[in-house]
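Observations on the model geometry
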Amino acid sequence: MATSRNTSLLGHFDCPGGGQVWVDGTTLYVGHMRNPAGTSVVDVSDPRAPRLLTHIPVPEGWHSHKVRVANDIMIVNHERFGTGNDEFGAGLGIYDVSTPAEPKLITRWRTAGKGVHRYEFDGRYAYISPTVEGYVGNICMILDLADPARPREAGRWWIPGQWEAGGEPYAWHDYVAPRCHHPLRVGDRLYVSYWQHGGYILDISDLARPKPIAHINTKPAFPHPTHTLLRMRQKLKGRDVLLVADEDVAKLRPHAPAFTWVYDITDETNPAAIATFQVDGVDVDGAPQPPMTGCHQPSERFAGTIVPFAWFAQGLRLIDVADPFAPKEVGFYRPDPAPGVERASSNDVTIDDRGLIYLIDRVRGVDIIETNVW
């Protein structure tokens, strides 16, 4: 089986597996999956020889498997993961990384319950998915970090029925509870994945009062949770296009591997599915396959019309959506499995300003990959 097409391995950083990678300049930030590994800061000025600068651990019972950096501010999540250390608490760790080798904790933003899952940070606002006192599951929240020492809530949104303390009637006794996965901002819109409740397009022209524009939902016909709503930056064939990635875990029932949808949102009040993409050979006959065989998530950074995807056991996939009606794969890199496991588990991917690709396995290691397709 081929291991690559239009890609080659440039470097490798050996480390505990993780949930997210992010690059700021020539510094790689790694959010690890399991404690005590928390966040690693790595010098990748020479991508062939990555060098650990420092590491921030987390205690038993928690993880900080997501990380974002902008304007010399690093945000890591603190989310319950197992049992132990009830004093640590859920929320976000906010750091000054103006000197990447010496992160300085500015403050911790606290929330109730399990904590924050995935999020986006643009240098001023963080678009997060916290559990909040009085609500069922994770909701969507906007934090203003104009003063990173004093984060201030700018707005919040939830599916009606989540606000238990507000007396909203709960509508999902026979279904999975709502759970915001993560929001992504483009302009005055927020594209919010909501796990087994699909995804939402929100108008945030008034940050304090997000308003729903549309709901995208393929459940339960396709029983994979929705991981990401990724808006393409330019029109494609005259259309506004949204990629909707379903994650190949936590299925409502056994099913063929998860894949990615392409939606036309030119009329954003009426999103229409116009295509799908699945890695060739992964779904032969529609039969159920083991979890983490298919799609996980797209990179929030991409080049033109080519979007890198972490496709779990299939590794890195480079998907060109220049023709949104017929997305096609233009390159891939299938990493070796981590020691002690049978398959790769590519969990997250990003790119840097040099066009290099960073692919993390949820069990072990980060691969640094170059490609000729940009």
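Structure shown above.
So, here's what we can say about the structure. Per-chain numbering applies: the sequence of each chain, read as written, is numbered from 1 onward. A pLDDT threshold of at least 70 governs which residues receive local features in this predicted model, and a stricter bar of 80 or more applies before side-chain atom pairs are shown or counted, although totals over entire chains, interfaces and linings include all residues. Side-chain measures were taken over the full set of non-hydrogen atoms in the model, leaving aside hydrogen atoms and water.

Section: the pairing of strand E13 (residues 125–128)
Looking along a regular strand, one sees the side chains alternate between the two faces of the sheet. Summary of the burial criterion: residues with accessible area below 20% of their type's maximum are buried, those above 50% are exposed, and those between are partly exposed, where the area comes from a 1.4 Å probe applied to protein chains only. Numbered from the N terminus, helices here are DSSP runs of H or I no shorter than four residues, and strands are runs of E no shorter than two. In E13, alternate side chains face the same way, and those of Tyr125 and Tyr127 on one face and Ala126 and Ile128 on the other are all buried. Hairpin connection between strand E12 (residues 120–121) and E13: a loop of three residues separates the two successive antiparallel strands, and Gly123 in this loop has a positive phi of roughly 100°. We call two strands paired when DSSP finds no fewer than two bridges between them.

Some remarks on the sheet that holds strand E15 (residues 152–157)
Taking strand neighbours across the sheet as the criterion, the four strands line up as E12-E13-E14-E15 in an open arrangement whose pairing is antiparallel. Each edge of the sheet is formed by a strand with only one pairing partner; in this case those strands are E12 and E15. Here strand E14 (residues 140–144) pairs with E15 via five bridges, running antiparallel. Bridged to Ile142 within E15 is Gly155.

Points about the pattern of salt bridges
Between Lys or Arg on one side and Asp or Glu on the other, a salt bridge is scored when a side-chain nitrogen of the former is within 4 Å of a carboxyl oxygen of the latter. Enumeration according to the criterion identifies 23 salt bridges in this entry. Between Arg364 and Asp14 there is a salt bridge, with the nearest N and O atoms lying 2.9 Å from each other. Here Arg364, found in strand E30 (residues 364–371), pairs with Asp14, found in strand E2 (residues 7–16); they are 350 residues apart in sequence, far enough to count as distant. Given a relative accessible area of 36%, Arg364 falls into the partly exposed group. Note that Asp144 is salt-bridged to Arg124, the shortest N-O span being 2.5 Å. With Asp144 in strand E14 and Arg124 in the loop between E12 and E13, the pair connects residues that are 20 residues apart, well separated along the chain. Salt bridges linked by common partners bring Arg68, Arg118, Glu300 and Asp348 together as one network.

Some thoughts on the sheet that holds strand E4 (residues 27–32)
Reading across from one edge, E3-E4-E5-E6 is the order of the four strands in this open sheet, with antiparallel pairing throughout. Only two strands of the sheet have a single partner each, and these edge strands are strand E3 (18–24) and strand E6 (51–56). Each adjacent strand pair in this sheet contributes to an overall mean axis angle of 20°, direction not counted. Bridge analysis of E4 against strand E5 (residues 39–43) gives five bridges, and the strand direction is antiparallel. Paired with Gly31 across the bridge in E5 is Thr39. Angles run from 0 to 180 degrees between N-to-C directions of axes, and those axes are lines fitted to C-alpha atoms, restricted for helices to the stretch in contact.

These figures come from the coordinates and say nothing about function on their own.
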